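Fold and contact review
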Amino acid sequence: MAGETVDYYPMWKSLDMDTEAHDGLLGAVGQMYGDMFLTQHNRPKSTSYLDNFATNLHSGRIKEMLDAKEQGRIKKIIGSFCLYVPEEIVAAAGGVEVGLCAGADWAPEEVEKHLPRNTCPLIKGFTGFKLGRVCPYIESADLVVGENTRDGKKKGYEFFATQKPMYIMDVPHVRTDETKQMWRNEVHRLAERIEQETGQKITADSLRRAIKETNDKRRALQRLGRVRAADPTPISGLDSLLITQAAFMDDTPRLTAAINAIADECEQRVAKGEGVAPKGAKRVLYTGTPMAVPNWKLFNIIEKAGGVVVGEECCTGSRYYKDLVDEGGETVDEMIDNVADRYLNIHCAIFTPNQDREQDVIGMAHDLHADGIIDCSLSFCTIYEMEAFGMEAAAEKAGFPFMHVTTNYSTEDAGQLKTRIEAFLEMI
Ligand code: SF4
């Protein structure tokens, strides 16, 4: 996926990457992208932005961030693994936050020297990407912010901290007045740590600007989310998933403009009755664990089987964009509290109780006219596996056919998944 005119090898080498192994990774992901994305029919033309994004993911985008850092336009690159790490705080202190979750297996034998075999693939993925030195986002991050969410991540970070400078946030697992205050304190503590890292104070103006820019990105995603209620739906689940994945890596104002351009085209397609799948194609709402780049397997299977994913209730979907930060507040402290309050309302399965997630899913299924719900957990993600039972009951009560899937990053179960999904689409 390297660009044609720029030689990125010196950059990758300067990041101490294993360029030979990295070539193998880029080749495999490029092939997958071609097979999954470029074989789609009737994509909106403006999704060419995504093809360009994918091409530059490990090359142009990294260079752009490193150049900006060298020229002082950004101070530091801050990596994160979770939706609870507020990008507004990082941006207001002059940094740029990038998502480091890995959606592919890498160096599993090396990983299993440090983590148990039965660990979530996402955790093994980012550990393997680090040990194999194949991720330029991990290698260019000056500081990585982790969080005590799932047990596997919390303990996995103890090893990751031997590889990269890390800072851990303490995320509450219940919502009470006390934990709300505790979480606000935690976000203030993060702000201080990021200021220390970047050497730049957060000001009322910089935070207001960062909140507005991030809200604009979320507003664009909300807009795009709404057009998918149409039948035929104007854009595929695969492209929509990639757009949200891009939200963790791409330049915010540029991506926001691109999402709005895609939404413009989709609205025109809806007016003309043009879709990415035929009218009446079976409409699936996805819910479950996040899908990091390049984990496109499930969506590809659903859509190649003739279904269309019309929404994603997950961290690489609606949870990322459904809520905005309150744009009021005069002082830095007030605005940081507003940021904290927005993030505490993310309905991740680490919270108990978490019936709000069920309500979100059923609400989306109604709004997007879903024919059925597919709930997916990555292997060994106990909290999402457990919530699948309540989710099934909620779906049944609301009258939506439901299927739970447990999978990982390998292609070994692709045939079996395809059979189950085809049967599900036939049934709904
Ligand atoms: S599912 Fe929960 S722990 Fe995982 S990224 Fe989302 S918010 Fe964080």
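Note that the coordinates shown come from a computational prediction; the quantities given were computed from them, not determined experimentally.

What counts as what
Note on numbering: residues in each chain are counted from 1, in written sequence order. Totals for whole chains, interfaces and linings use all residues, but because this is a predicted model, local features are given only for residues with pLDDT of at least 70 and pairs of side-chain atoms are given and counted only at 80 or more. Counting from the N terminus, the helices are the DSSP runs of H or I reaching at least four residues and the strands are the DSSP runs of E reaching at least two. Throughout, the radius of gyration refers to the C-alpha atoms, and the reference size of a globule is 2.2 Å times the residue count to the power 0.38. It is the C-beta atoms, placed from the backbone, that decide contacts: two residues are in contact if theirs lie within 7 Å. Only the C-beta atom matters for this test: placed from the backbone, it must lie within 6 Å of a molecule or strand for the residue to be near it. Throughout this entry, Asp, Glu, Lys and Arg are counted as charged residues, while Ala, Val, Leu, Ile, Met, Phe, Trp, Tyr, Cys and Pro are counted as nonpolar. The remaining residues, Gly among them, count as polar. By definition, two strands form a pair when at least two bridges between them are found by DSSP. Every axis corresponds to a line fitted to the C-alpha atoms, with the helix fit spanning only the stretch in contact, and the corresponding angles, defined between N-to-C directions, vary from 0 to 180 degrees. UniProt positions are given in the numbering used here, feature names are shortened, and annotations may be inferred rather than shown by experiment.

A separate point is the overall build of the chain. Within the chain, the secondary structure is distributed over 19 helices and eight strands. A globule of 428 residues ought to have a C-alpha radius of gyration of about 22 Å, and the chain, at 21 Å, matches this closely. Here the contacts in the chain between residues at least 6 apart in sequence split such that 76% fall between residues at least 24 apart.

This next bit is on the site of the ligand. In the vicinity of the ligand, the contacting residues are Cys-82, Leu-83, Tyr-84, Thr-149, Arg-150, Pro-290, Cys-315, Ile-346, Cys-348 and Ile-350. Broken down by class, the residue content of the shell around the ligand amounts to eight nonpolar, one polar and one charged.

Below, the discussion takes up the sheet that holds strand 1 (residues 77-80). The four strands are arranged 2-1-3-4 in an open sheet whose pairing can be described as parallel. The sheet terminates laterally at strand 2 (96-99) and strand 4 (166-169), the two strands that pair on one side only. If you compare each strand with its neighbour and ignore which way they point, the axes differ by 30° on average.

Reading across from one edge, 6-5-7-8 is the order of the four strands in this open sheet, with parallel pairing throughout. Here the strands that pair on one side only, and so sit at the sheet edges, are strand 6 (308-313) and strand 8 (402-407). Ignoring which end each strand starts from, the neighbouring axes of this sheet average 25° apart. Across five bridges, strand 5 (residues 283-288) lies against strand 7 (residues 372-378) in parallel orientation. Looking at the pairing, Tyr-286 lines up with Ile-374 of strand 7.

Let us look at the UniProt feature "coiled-coil region" (unreviewed entry) in the chain. Residues annotated by UniProt as "coiled-coil region" (unreviewed entry) correspond here to residues 180-224. With 89% helix and 0% strand, residues 180-224 has end C-alpha atoms that lie 31 Å from one another.

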